[in-house]
Amino acid sequence: MKKLSLMSLLLLVIRRDLVLAMRRRADALTTLIFFVMVVSLFPLGVGPEPEMLRKMASGVVWVAALLSSMLSLGRMFSADYQDGTLEQMLLAPQSLSVLVLGKMLAHWMASGLPLVLLAPVLGLQFGLPPQSLGILMLGLLLGTPVLSMIGAVGAALTLGLRGGGVLVSLLVLPLCIPVLIFGAGAVEAASSGMNYASHLLLLAALMVSALVLTPWVTAQALRISME
Amino acid sequence: MAINWFKYSAPSTFYGLAGKLVPWFAVAAAILFAAGLYIGFFVAPTDAVQGEAYRIMFIHVPVSILSMFIYLVMAGYAALGLIFNTRLSSMMATALAPTGALFTFIALWTGALWGKPTWGAWWLWDARLTSELILLFLYLGFIALHASIDDPRRADRAAALLAIVGSVNVPIIYFSVQWWNTLHQGATIKFTGISMHIAMQHALLTMFLACWAYAVAMTLLRVRSIILERERNTQWVLDLPELKNELV
């Protein structure tokens, strides 16, 4: 058997997960439609006054992104768990952390990246100025991977449980609150003319720490869940 | 004579020890509560800035300190259970969680009661209050995760991992008043000295010890129930005098 380098292993796992996601495009699309619907519900609920909408735009888009990410987390490990592939991954001689990192990245590309691309359009719906739209997009670009990665820990802990998506959300949302605070805060700071770089840098720091720490934690969680 | 340091590491032996310790801590808690509340409400002088409203500090500060401390102790026991595969450590972690959640809730509630007369608001989204609220969610998540897994060993391990991951929040709560521009008061008790009247210090210390004794008593009482529930099929449980009357 050909010996795989870590990078080619990573790319193999990412490609496999993306191919599987493409075969079930409806799953990713429903998450996206949920995102758009939640964002559209807020103006209907609080009234269409433009100034108020512009103020709450970043918060609404971020909360909707958080909720959509929570919804799509169940898909990360459940299919592989049910057909036995996950067990093979745990038994494989390669590093489980690398395999898990590949799954996280593929999940982000299928669920998080579309949110990032769609966010400016929704921001326009709320009347955000172009510079704020750019910072919103950049913040989401840095923040959605963190949501996927921390969510993976929650998904691994609750593998196969009857609690469903709600339990994962209960576990993961408190840990994702800093991402929300800094992401929405960056846009708020930009619209009031203050320095937003610190918020984005903290988001980047969160992403890098998650990138380093969460694959190993998720691997441990998978081993606990798959005894 | 060699000391067996691990004599009480088994549920069967610890059950008896916990049973003997509970009354001591409960009585100590009651006495310390009475003394602390008396000093806090009647002996300590009126505050120069806040008047009489500050006296809720004698409940708010001890329970807040303990809410963070209990989380760290819980995560510590959970880590012990995960690393050394000991049942009793995980049982202690499970026993600590409800008490910790209660203290966090009381901290948030008394904080709101204190905030209304002094800040003018029941709640503010500043760093310390928000991170304490996150702590409450972390406790509830721990309890929920443990409750939703049927296999007790898998439940122990999964909840332990969650507790350890969440313990990063506790330093954030503690240092939030230094890192952020927040309305919440900074630290009064520092290594360089305490800028508070001596009677207030006495009341605060007494209330802190009272809450600590209460937490220990409740946790030991709860862990006894958990031990009975988890070990119900063992011979030593069936031989217990308190159960023998039930089973006859």
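The structure presented is a predicted model; accordingly, all values stated were derived computationally and were not measured.

### Points about the overall build of chain B
Move 1: Helix and strand counts for chain B stand at nine helices and two strands.
Move 2: Taken from the N to the C terminus, the helices and strands of chain B come in the order α-α-α-α-α-α-β-β-α-α-α.
Move 3: Each principal axis of the C-alpha distribution contributes one length, and for chain B these read about 65 × 40 × 35 Å.
Move 4: For chain B, long-range pairs separated by at least 24 residues make up 77% of all intrachain contacts whose partners lie at least 6 apart in sequence.

### Comments concerning the overall build of chain A
Move 1: Per the secondary structure count, chain A includes nine helices and zero strands.
Move 2: Mapped from its N terminus to its C terminus, chain A presents α and β elements in the order α-α-α-α-α-α-α-α-α.
Move 3: Compactness check: chain A gives a C-alpha radius of gyration of 18 Å against a globular reference of 17 Å for 227 residues, within 12% of the reference.
Move 4: Counting only C-alpha atoms, chain A reaches 60 × 35 × 30 Å along its principal axes.
Move 5: Residues classed as buried in chain A amount to 45% of the 227 residues present.
Move 6: Partitioning the intrachain contacts of chain A with sequence separation of at least 6 by distance along the chain shows that 81% fall at a separation of at least 24.

### Concerning helix H1 (residues 11–43) of chain B
Residues and elements named next belong to chain B.
Move 1: Between its first and last C-alpha, H1 extends 44 Å over 33 residues, near the 48 Å set by a 1.5 Å rise per residue.
Move 2: Most pronounced at Leu-21, the bend in H1 amounts to some 30°, and the proline Pro-23 follows within four residues.
Move 3: The set of residues buried in H1 consists of Pro-11, Phe-14, Tyr-15, Ala-18, Ala-29, Leu-32, Gly-36, Ile-39 and Gly-40.
Move 4: Looking at the packing, one finds that the buried side of H1 touches helix H2 (57–84), helix H3 (87–119) and helix H7 (198–230).

### Considerations on the interface of chain A and chain B
Move 1: Contacts between the two partners involve 16 residues from chain A, matched on the other side by 15 residues from chain B.
Move 2: Elements with a contribution of two residues or more to the side of chain A that touches chain B: helix H7 (130–157), helix H8 (165–191) and helix H9 (197–225) of chain A.
Move 3: For the side of chain A that touches chain B, the element with the most residues is H8 of chain A, which contributes six residues.
Move 4: Partitioning the side of chain A that touches chain B into residue classes produces twelve nonpolar, three polar and one charged.

### Side note on the nonpolar core
One broad trend across soluble globular proteins is that nonpolar side chains are buried collectively.
Move 1: Core analysis: the largest hydrophobic core is formed by 132 residues, its most contacted members being Val-61 of chain A together with Met-74 and Leu-162 of chain B.
Move 2: For this core, the leading source of residues is H7 of chain A, giving 15 residues.

### Notes on the confidence of the model for chain B
Move 1: When pLDDT is averaged along chain B, the result is 89, and 94% of the positions lie at 70 or above.
Move 2: With a pTM of 0.90, the predicted complex shows an ipTM of 0.88.

### So, unusual backbone geometry
Most peptide bonds adopt trans geometry, and most residues besides glycine take a negative phi value.
Move 1: Of note, Asn-85 of chain B is a non-glycine position whose phi angle comes to about 60°, a positive value.
Move 2: Residue placement: Asn-85 of chain B occurs in the loop between H2 and H3.

### Describing the packing of H2 of chain B against H7 of chain B
All names here are of chain B.
Move 1: Two elements in contact, H2 and H7, have axes whose closest approach is 9 Å; the angle formed by their N-to-C orientations is 45°. Considering their axes alone, H2 and H7 lie oblique with respect to each other. Here H2 runs over H7; the crossing is right-handed. On H7, the residues that touch Phe-58, Ile-59, Val-61, Pro-62, Val-63, Ile-65, Leu-66 and Ile-70 of H2 are Ala-203, Leu-204, Met-207, Phe-208, Cys-211, Trp-212 and Ala-215.
Move 2: Broken down by class, the residue content of the contact of H2 with H7 amounts to 15 nonpolar, no polar and no charged.

### Things to note about the environment of Phe-42 of chain A
Residues and elements named next belong to chain A.
Move 1: Relative to the helices and strands, Phe-42 resides in helix H2 (residues 25–46).
Move 2: The class of Phe-42 is partly exposed, set by 18 C-beta atoms lying within 10 Å.
Move 3: C-alpha of Phe-42 to C-alpha of Gly-164: the two residues are 122 residues apart in sequence and 26 Å apart in space.

### Examining the packing of helix H4 (residues 127–148) of chain B against helix H5 (residues 152–166) of chain B
Residues and elements named next belong to chain B.
Move 1: Where H4 meets H5, the axes come as close as 9 Å, and the angle between the chain directions of the two elements is 165°. By the angle class used here, H4 and H5 are roughly antiparallel. Helix-helix and strand crossings are classified by hand; for H4 and H5 the assignment is right-handed. In this structure, H4 contributes Leu-138, Gly-141, Phe-142, Leu-145 and His-146 to the contact, and H5 contributes Ala-155, Ala-158, Ala-159, Leu-162, Ala-163 and Gly-166.
Move 2: The class makeup of the residues in the contact of H4 with H5 is eight nonpolar, three polar and no charged.

### With respect to the environment of Gln-178 of chain B
Move 1: Counting through the fold element by element, Gln-178 of chain B comes out in helix H6 (residues 169–179).
Move 2: Here the alpha-carbon distance between Gln-178 of chain B and Arg-128 of chain B, two residues 50 residues apart in the chain, equals 10.0 Å.

### Here's the deal with H3 of chain B
All names here are of chain B.
Move 1: Taking 1.5 Å per residue as the helical rise, H3 with its 33 residues ought to reach 48 Å, and the 46 Å between its terminal C-alpha atoms agrees with that figure.
Move 2: If you look at H3, its biggest bend is around 25°, right at Ala-97, and the proline Pro-98 turns up within four residues after that.
Move 3: Directly after H3, the chain includes Gly-120, whose backbone phi takes a positive value near 85°.

Reading guide: rules and limits
- Residues numbered from 1 in each chain as written.
- Chains lettered and ligands numbered in written order.
- Predicted model: local features only at pLDDT ≥ 70, side-chain atom pairs only at ≥ 80, totals over all residues.
- Helix = DSSP H or I, 4+ residues; strand = E, 2+ residues; numbered from the N terminus.
- Contact = placed C-beta atoms within 7 Å.
- Rg over C-alpha atoms; globule rule 2.2 N^0.38 Å.
- Buried ≥ 20, exposed ≤ 12 C-beta atoms within 10 Å, placed from the backbone.
- Expected span 1.5 Å × (residues − 1).
- Bend = angle between axes of the 7 residues up to and from the residue.
- Nonpolar A, V, L, I, M, F, W, Y, C, P; charged D, E, K, R; others polar.
- Core = buried A, V, L, I, M, F, W, Y, C linked by C-beta atoms within 7 Å.
- pLDDT = per-residue confidence, 0-100.
- Axes fitted to C-alpha atoms, helices over the stretch in contact; angles between N-to-C directions.
- Parallel < 35°, antiparallel > 145°, perpendicular 65-115°, else oblique.
- Left-handed = near helix turned anticlockwise from the far one by under 90°.

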